[in-house]
Protein chains: 2
Amino acid sequence: MSNVQYLFDLAVILFTAKLFSIIGKKFGIPEVVGEILAGLVIGSAVLGIVVESEFLRIMAELGVIMLMFEAGLGTNLQELKKSGLKATLIACSGVIVPLIMGTVLFMSFYGFDEPGSERFMRGLFLGTIMSATSVSITVAALKELGKLSETVGTTIVSAAIIDDVLGIILLTIVTGLSGQSESESVLTVLLKVVIFFAGAIATGFVVYKVMSWLDGRYSHHRRVPITSLCYCFLLAYLAETYFGIADITGAYVAGVILCNIADRDYIERRIDISSYMIFAPVFFAGIGLKTSFAAMDTRFLMFSICFVIVALVSKVIGCGICAKFMGFNTGDSLKVGTGMMTRGEVALITAQKGLLLGLLTADYFTAVILMILVSSIVTPICLKKQYSNV
Amino acid sequence: MSNVQYLFDLAVILFTAKLFSIIGKKFGIPEVVGEILAGLVIGSAVLGIVVESEFLRIMAELGVIMLMFEAGLGTNLQELKKSGLKATLIACSGVIVPLIMGTVLFMSFYGFDEPGSERFMRGLFLGTIMSATSVSITVAALKELGKLSETVGTTIVSAAIIDDVLGIILLTIVTGLSGQSESESVLTVLLKVVIFFAGAIATGFVVYKVMSWLDGRYSHHRRVPITSLCYCFLLAYLAETYFGIADITGAYVAGVILCNIADRDYIERRIDISSYMIFAPVFFAGIGLKTSFAAMDTRFLMFSICFVIVALVSKVIGCGICAKFMGFNTGDSLKVGTGMMTRGEVALITAQKGLLLGLLTADYFTAVILMILVSSIVTPICLKKQYSNV
């Protein structure tokens, strides 16, 4: 392999991602989906031209971090406050329903067993994997539709952020139940979450003041977007490294903190250009790139298909019905449920943990990746349909 | 180390690079120099906060590739044609003088010996390392001064490109002389160079036509800069992988091929934003990051200092005097000579090769890195002074 292989990889990814998103657009398919399909085609699933590398993985991660930072920057703080309680309840319901349905699904395939048994724990773990929303694809789809900062969009994004936190807590409880002594206590995890958000908000005021001063003095200077991006990277780093919270959540919080700055559009534009020129396509194509259909027997294929369907349906039910109770009309409730369907790397990380704990075998990775792939493709298409029906 | 260490690294690099370039500006120091110094301070030479990683190395390489692509895009084709012959002669003279002076320097320290002897070969190899210009820092400095597409700027850039090619040929000859059977023949290398440039120009016409059509149909669409960037990456990849030519030369050629496209400014702007937001600071800071002053005894320190001085002076003499003969006035000749002083990764790669061939010991790396560092800092400062004197 050449030592500049990454140049070839980037050229192929950027070109095919753009090409597929243009072709997809002609058929009314969201651009994001086109880019994911591009990754699927050039990856090991079909052509095998590009193999995922450590470098591409990091570029993809930077892509999703920039995406979430932009989502944060675009936040309407009034809307966020208004949607806070509703989003929390929707997130809770959206975690519990997939958890239960995932556990039941596992046991209907592999036999029911009493709570606490190994089989039950395996089922519960699969449910835990199902419960983790990754909202980045939805964010990209809503951005494409221009609906990101409306009530439904804000509700989805904030519910997904809360979902992320619930996911960590749930993972801690489940791994705790499975009797792993090395895992942290639920209290420690909760404490970390509280400290992170309290700390981010407290320091956020200072950061906001400093950045506003900088921006007031040097409006439309490069230093403003660059410093903002540094802050985003730093908060993402701190969240992931010291608080067990996903880096993308940290990036989103950084964006929210800066969302009222005067030069917000100027910052967002610069991040957006950097993102769409290189990082974002690598992220979207990366989802397809990871997928491989090798080593699937019929029984496991059946299970995987059911797994994906249950994963999608359970989120729509869990979040959608709760949204309806919260006073959203049926159309908007469906949008909220659909928007929460997307799964991403959090599911993979959870699965990875399950592998380490012996609660999962490696085969299940294929099912999880399939869930990520299908939900990433189906959600933007459904959202586009739902919005155009109104 | 955290698995999101790169977020921390990027945050620190971007922040300090911007900070140092702002502080530097107050003292009249070019931004580029500020960014290199930032790398020196956060790297192992001083604070040791950031350690160079494979990821940062690739980001830096992408940064310099984008920089050279921009330089190519900004080319004035008339100027390039006009400066062609002059640039070739300047490049030749700029290779020969450092080669001779480097050899003499080595032998004045370690004893003179007849041509063909081991000591002579070692000296010749050190001269070869000295002869490789890396123009990226000069490009950045000239861009900052707004002088890149003028006659002097074009001459420097094209001379440096030719210098790169001469460097490969010279390296082949020297390694051939040292009796390494595994090295390619000079003829093969020459043939590859010819095929690359002929191929790039021939396919370049087609690429230019296609891109012009795309641009005419979709002016100011994202697809134009994205496709251009793909082309740049691809040509850089092909140059490095199949023709033994530096990737940055490939990127520059790609830029030159697209330099007459209608949307050139639109493309350049997008590349420029992506570059200054992340990639370029990583490249500039990366130069400082590499540097470490550990393990230097007095004698070797003396040698290193002489090495750096001879490296700088020999390029100014070699290129400057030749430029004077070519009809440039004294001020412009000095600018050409100064602009050609910068050394970069090509010198490192050559040194690496010398290590493999046993012509060099690892100590010399420190001298080479020092040459890169000092020339990268001194050149922009001198250029700025020379231009402000006019």
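Check the entry above for the structure.
I will try to describe carefully the structure that is included in this document. (Residues numbered from 1 in each chain as written. Chains lettered and ligands numbered in written order. Predicted model: local features only at pLDDT ≥ 70, side-chain atom pairs only at ≥ 80, totals over all residues. Heavy atoms only, no water.)

This brings us to the relation of the copies chain A and chain B. Of the transformation superimposing chain A on chain B, the axial component is 0.1 Å and the angular component is 180°, with the fit at an RMSD of 0.0 Å. As the rotation angle and translation indicate, the two copies are arranged about a two-fold axis. Judged by C-alpha distance, Ser274 of chain A is the residue of chain A that lies nearest the rotation axis, at 2.2 Å. Both copies share a contact surface, since 100% of the interface residues of chain A are interface residues in chain B too. (Least-squares fit on C-alpha atoms with pLDDT ≥ 70 in both. Contact = heavy atoms within 4.5 Å.)

Below, the discussion takes up the interface of chain A and chain B. You'll often see interface size given as the accessible area lost when the parts meet. Listed as interface residues are 46 residues of chain A and, on the opposing side, 46 residues of chain B. Around 4,400 Å² of area is buried between chain A and chain B when both sides are counted, 76% of it from carbon and sulfur atoms. Counting across the interface, chain A meets chain B through two salt bridges. One salt bridge in this structure joins Arg222 of chain B and Asp272 of chain A, with 3.6 Å as the shortest N-O distance. Of all elements in the fold, only helix H1 (5-26), helix H3 (54-73), helix H9 (223-242) and helix H11 (264-290) of chain A reach the threshold of two or more residues within the side of chain A that touches chain B. The greatest single-element share of the side of chain A that touches chain B, amounting to twelve residues, is contributed by H9 of chain A. Class assignment of the residues belonging to the side of chain A that touches chain B gives a composition of 30 nonpolar, six polar and ten charged. (Buried area = accessible area lost by both parts, 1.4 Å probe. Salt bridge = Lys/Arg side-chain N within 4 Å of Asp/Glu carboxyl O. Helix = DSSP H or I, 4+ residues; strand = E, 2+ residues; numbered from the N terminus. Nonpolar A, V, L, I, M, F, W, Y, C, P; charged D, E, K, R; others polar.)

Quick look at the packing of aromatic side chains now. All names here are of chain A. For the coordinates displayed, the defined rule picks out 32 aromatic pairs over all chains. Ring geometry for Phe106 versus Tyr110: centroids 4.9 Å apart, planes at 40°, classification tilted. Of this pair, Phe106 and Tyr110 are both found in helix H4 (residues 77-110), four residues apart, which corresponds to roughly one turn of the helix. The class of Tyr110 is partly exposed, set by a relative accessible area of 26%. (Phe/Tyr/Trp six-rings, centres within 6.5 Å; stacked < 30°, edge-to-face > 60°. Buried < 20%, exposed > 50% of the residue type's maximum accessible area, 1.4 Å probe, protein only.)

The next point concerns a nonpolar patch on the surface. Residue and element names in this part refer to chain A. Taken together, the side chains of Leu301, Ile305, Ile309, Val313, Ile317, Ile321 and Phe325 present a nonpolar region at the surface, about 640 Å² in accessible area. As for its position among the elements, Leu301 is in helix H12 (residues 298-325). A relative accessible area of 37% places Leu301 in the partly exposed class. (Patch = residues over 30% accessible without salt bridge, like charges linked within 9 Å, V, L, I, M, F, W, Y side chains within 5 Å. Areas by Shrake-Rupley, 256 points an atom, 1.4 Å probe, with all protein chains shown as cover.)

So, about the pattern of salt bridges. All names here are of chain A. Inspection of the entire model under this criterion finds 16 salt bridges over all chains. Of the charged contacts in the structure, one is a salt bridge between Glu54 and Arg57, with a shortest N-O distance of 3.0 Å. Of this pair, Glu54 and Arg57 are both found in helix H3, three residues apart, which corresponds to roughly one turn of the helix.

Residue and element names in this part refer to chain B. In this model, helix H8 (residues 186-217) (32 residues) spans 46 Å end to end at C-alpha, consistent with the 46 Å of a helix rising 1.5 Å per residue. The sharpest bend along H8 comes to roughly 30°, located at Gly204. Of the residues making up H8, those classed as buried are Val189, Val193, Phe196, Ala200, Gly204, Val207, Met211, Leu214 and Asp215. Of the surrounding secondary structure, the elements contacted by the buried residues of H8 are helix H7 (151-177), helix H9 (223-242) and helix H10 (247-257). (Expected span 1.5 Å × (residues − 1). Bend = angle between axes of the 7 residues up to and from the residue.)

Let's shift gears to unusual backbone geometry. Phi is positive for His220 of chain A, close to 60°, though the residue is something other than glycine. The topology assignment puts His220 of chain A in the loop between helix H8 (186-217) and H9.

Turning next to the nonpolar core. In this structure, Phe233 of chain A together with Phe233 of chain B are the most contacted members of the largest nonpolar core, which totals 280 residues. Those residues in contact with Phe233 of chain A that lie beyond four places of it in its chain are Leu62 and Ile65 of chain A together with Leu7, Leu10, Ala11, Leu14 and Ile278 of chain B. (Core = buried A, V, L, I, M, F, W, Y, C linked by side-chain atoms within 4.5 Å.)

Here the focus is the packing of H8 of chain B against H10 of chain B. Each pair of packed helices can be described by the angle between their axes along with the distance between the axes. All names here are of chain B. In contact at an axis separation of 10 Å, H8 and H10 are set at 35° when each is read in the N-to-C sense. For the element pair H8 and H10, the recorded crossing hand is right-handed. Between H8 and H10, the contacting residues are Phe196, Phe197, Ala200, Gly204 and Tyr208 on the first element and Thr249, Gly250, Val253 and Ile257 on the second. Within the contact of H8 with H10, the residues separate by chemical class into six nonpolar, three polar and no charged. (Axes fitted to C-alpha atoms, helices over the stretch in contact; angles between N-to-C directions. Left-handed = near helix turned anticlockwise from the far one by under 90°.)

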